[in-house]
Amino acid sequence: MSEYSTGRTQYWYNTETGQVETSTEKSSWTHLLGPYPTREAAEHALENAERRNEAWDAEDEDWRR
């Protein structure tokens, strides 16, 4: 669902610049993570991705045993 249909602003984290962007200022998709419902959630995008990757790696390791 797009922000246009919900009336809410969505946020993206730009991995190249380290900045949070909205749809009105959004860069190329090649450097964006999101969308996120809040600016704060987008600000923590890399931390959340790292935690998920660590959890998935642990699950993979458990599966291989």
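Presented here is an overview of the structure given in this document. (Residues numbered from 1 in each chain as written. Predicted model: local features only at pLDDT ≥ 70, side-chain atom pairs only at ≥ 80, totals over all residues. Heavy atoms only, no water.)

**Side note on the overall build of the chain**
Phase 1 of the analysis: Secondary structure summary: the chain contains 3 helices and 3 strands in total.
Phase 2 of the analysis: Listing every helix and strand of the chain by position from the N terminus yields α-β-β-β-α-α.
Phase 3 of the analysis: When burial is assessed residue by residue, the chain has 23% of its 65 residues classed as buried.
Phase 4 of the analysis: In the chain, once contacts between residues fewer than 6 apart in sequence are set aside, the share between residues at least 24 apart is 22%.
Phase 5 of the analysis: Element-wise, carbon and sulfur atoms account for 48% of the exposed surface of the chain, whose accessible area totals about 5100 Å². (Helix = DSSP H or I, 4+ residues; strand = E, 2+ residues; numbered from the N terminus. Buried < 20%, exposed > 50% of the residue type's maximum accessible area, 1.4 Å probe, protein only. Contact = heavy atoms within 4.5 Å. Areas by Shrake-Rupley, 256 points an atom, 1.4 Å probe, with all protein chains shown as cover.)

**Comments concerning the pairing of strand β1 (residues 11-14)**
Phase 1 of the analysis: The alternating pattern of β1 places Tyr-11 and Tyr-13 and Trp-12 and Asn-14 on opposite faces, both of which are buried.
Phase 2 of the analysis: With 3 bridges joining them, β1 and strand β2 (residues 20-22) adopt antiparallel strand pairing. Each residue of the ladder has a partner; that of Tyr-13, found in β2, is Val-20.
Phase 3 of the analysis: Where β1 lies against strand β3 (residues 32-36), 3 bridges are found, and the strand directions are antiparallel. Along β3, the bridge assignment pairs Asn-14 with Leu-32. (Pairing = 2+ DSSP bridges.)

**Side note on the packing of aromatic side chains**
Phase 1 of the analysis: All told, the structure shown has 1 aromatic pair when counted by the stated rule.
Phase 2 of the analysis: Its guanidinium or amino end placed over the ring of Trp-12, Lys-26 lies 4.2 Å from that ring's centre, counting from NZ or CZ. (Phe/Tyr/Trp six-rings, centres within 6.5 Å; stacked < 30°, edge-to-face > 60°. Lys NZ or Arg CZ within 6 Å of the ring centre and 35° of its normal.)

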